[in-house]
Amino acid sequence: MNADARRYAPSTVRNREAILAVLKPHLPGRGLVLEVASGAGEHTAFFAAACGPDLSFQPTDPDAASHASIDAWAGALGLANVRPALVLDAAAVTWPVDQADAVICINMIHIAPWSATEGLIRGAARVLPPGGLLYIYGPYRRDGQHTAPSNEAFDRDLKSRNPEWGVRDLEAVTEVAAKHGFSAPLVEQMPANNLSVMFRRPLAIAANSA
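Residues numbered from 1 in each chain as written. Predicted model: local features only at pLDDT ≥ 70, side-chain atom pairs only at ≥ 80, totals over all residues. Heavy atoms only, no water.

Caption draft 1: Expanded view of the overall build of the chain. Counting its regular elements, the chain contains 6 helices and 9 strands. Relative to the globule expectation of 17 Å for 210 residues, the C-alpha radius of gyration of the chain, 16 Å, shows essentially globular dimensions. Taken along its principal axes, the extent of the C-alpha atoms in the chain is 50 × 40 × 30 Å. The buried share of the chain, reckoned over its 210 residues, is 47%. For the chain, the share of sequence-separated contacts (at least 6 apart) that also reach a separation of at least 24 residues comes to 75%. By element, 54% of the accessible surface of the chain is carried by carbon and sulfur atoms, the whole surface being about 9,900 Å². Of the charged side chains in the chain, 18 are positive and 21 negative, and the gap between their average positions amounts to 2 Å. (Helix = DSSP H or I, 4+ residues; strand = E, 2+ residues; numbered from the N terminus. Rg over C-alpha atoms; globule rule 2.2 N^0.38 Å. Buried < 20%, exposed > 50% of the residue type's maximum accessible area, 1.4 Å probe, protein only. Contact = heavy atoms within 4.5 Å. Areas by Shrake-Rupley, 256 points an atom, 1.4 Å probe, with all protein chains shown as cover. Lys, Arg positive; Asp, Glu negative; His and termini not counted. Charge placed at Lys NZ, Arg CZ, Asp CG, Glu CD.)

Caption draft 2: Looking closely at the sheet that holds strand β3 (residues 102-106). Spatial strand order, β2-β1-β3-β4-β9-β8: 6 strands in an open sheet with mixed pairing. Here the strands that pair on one side only, and so sit at the sheet edges, are β2 (55-59) and β8 (186-190). Pairwise comparison of adjacent strand axes, ignoring direction, gives a mean angle of 20° for this sheet. In terms of strand pairing, β3 meets strand β4 (residues 133-138) through 5 bridges, oriented parallel. Paired with valine 103 across the bridge in β4 is leucine 134. Along the sheet face, helix α2 (residues 42-51) touches β1 (31-36), β2 and β3 and points at about 175° away from the line of β2. (Pairing = 2+ DSSP bridges. Axes fitted to C-alpha atoms, helices over the stretch in contact; angles between N-to-C directions.)

Caption draft 3: Quick peek at the pattern of salt bridges. Counting across every chain of the model gives 6 salt bridges. Residues aspartate 4 and arginine 6 are paired through a salt bridge, measuring 2.6 Å at the closest nitrogen-oxygen approach. By relative accessible area, aspartate 4 is classed as partly exposed at 45%. For the salt bridge of aspartate 155 with lysine 159, the shortest nitrogen-to-oxygen distance reads 3.2 Å. Of the two residues, aspartate 155 and lysine 159 both sit in helix α5 (residues 149-161), 4 residues apart, roughly one turn of that helix. Relative accessible area serves as the criterion here: at 5%, aspartate 155 is assigned to the buried category. (Salt bridge = Lys/Arg side-chain N within 4 Å of Asp/Glu carboxyl O.)

Caption draft 4: View of the pairing of strand β9 (residues 194-200). Within β9, 6 of the 7 residues are buried, which leaves it mostly tucked inside the rest of the structure. Relative to β9, β4 runs antiparallel, the two being bridged by 6 bridges. Bridging from a neighbouring strand, leucine 133 pairs with arginine 200 of β9. Joining the antiparallel neighbours β8 and β9 is a turn of 3 residues, in which alanine 192 adopts a positive phi near 60°.

Caption draft 5: Quick look at the sheet that holds strand β5 (residues 140-142). The strand order across the open sheet built from 3 strands is β6-β5-β7, with neighbouring strands paired in mixed fashion. Edge positions in the sheet fall to β6 (145-146) and β7 (168-169), since each has one partner strand and no second. Sheet analysis places β5 next to β7, joined by 2 bridges and oriented parallel. For tyrosine 140, the partnering residue across the bridge sits in β7 and is arginine 168.

Caption draft 6: Just helix α3 (residues 67-76), in detail. All of the buried residues along α3 are His67, Ser69, Ile70, Ala72, Trp73 and Ala74. Summarising the contacts, the buried residues of α3 are in contact with α2 and β2. Note on α3: the residue one or two positions beyond its end, glycine 78, has a positive phi of about 65°.

Caption draft 7: Representation of the environment of threonine 174 within the structure. Structurally, threonine 174 is set in helix α6 (residues 170-179). Sequence separation between threonine 174 and alanine 184 is 10 residues; the distance between their C-alpha atoms is 7.0 Å. Discounting residues that sit within four places of it in the chain, threonine 174 has contacts with Pro185 and Phe199.

This is how it looks when you write it as C-alpha cells:
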C-alpha cells in the first residue's frame, strides 16, 4: 500500500472556514483560480470542494516536494476541479500560468523576501483580466504599527530566522499594487489578528499599468 502523501497544517484547519466565508463571495462562479504558494495543498482542496465543479483551481508552489501533498489532497477528495500542482516562484519574471480569473495567496508574504511580494503583485497584474481578484491573507502592520502584541512577537521571530522575512506594512503592499494598476483594497479583519486583503484589476486598465 502506498503511503498517504498528504501533509497537515493545524493553522489551515483553524483558518480555512473563515477565509472561505470572506473569499467565496468575491470569486467568479466559473473560470480558474490560481493559488500561489499552496504549501501542503489543504486550502486549495477545501476551497475547490466548496466552490463546485465550474470553478477550477491551479495550485502552485516553488517547492516541488510539496506537490505530492497538494496532489494527494485533491486525489483523496476526488476533486476533478483541481489541476496538478505546478512549480511557481512568485518572484520570477515569468509564471507557468498565463491567464487566471483570480489569484489567491495565503500566508506567504511574511515568510518570503519582499521581492516575492513584488513578484506576486506583478504576476497577478499580468495574468488577471479586468475585474480580476488578487486575494492576499496574513498578518500585516497598519500605519507603521503592529495590530497586536502577538504579531509583534511573531515579526521578531521571523526576522531572527531570516532578516528578509517579516510582517509587511499594508500601506507598502497597497503602494506596489497601485503601481501595477490595482484599485484600493477591500480589507476584512480576520481571526488571530490576520487580514484578508482583496485587490481588483479595474475594468478600464491603463496601457502602462502592468
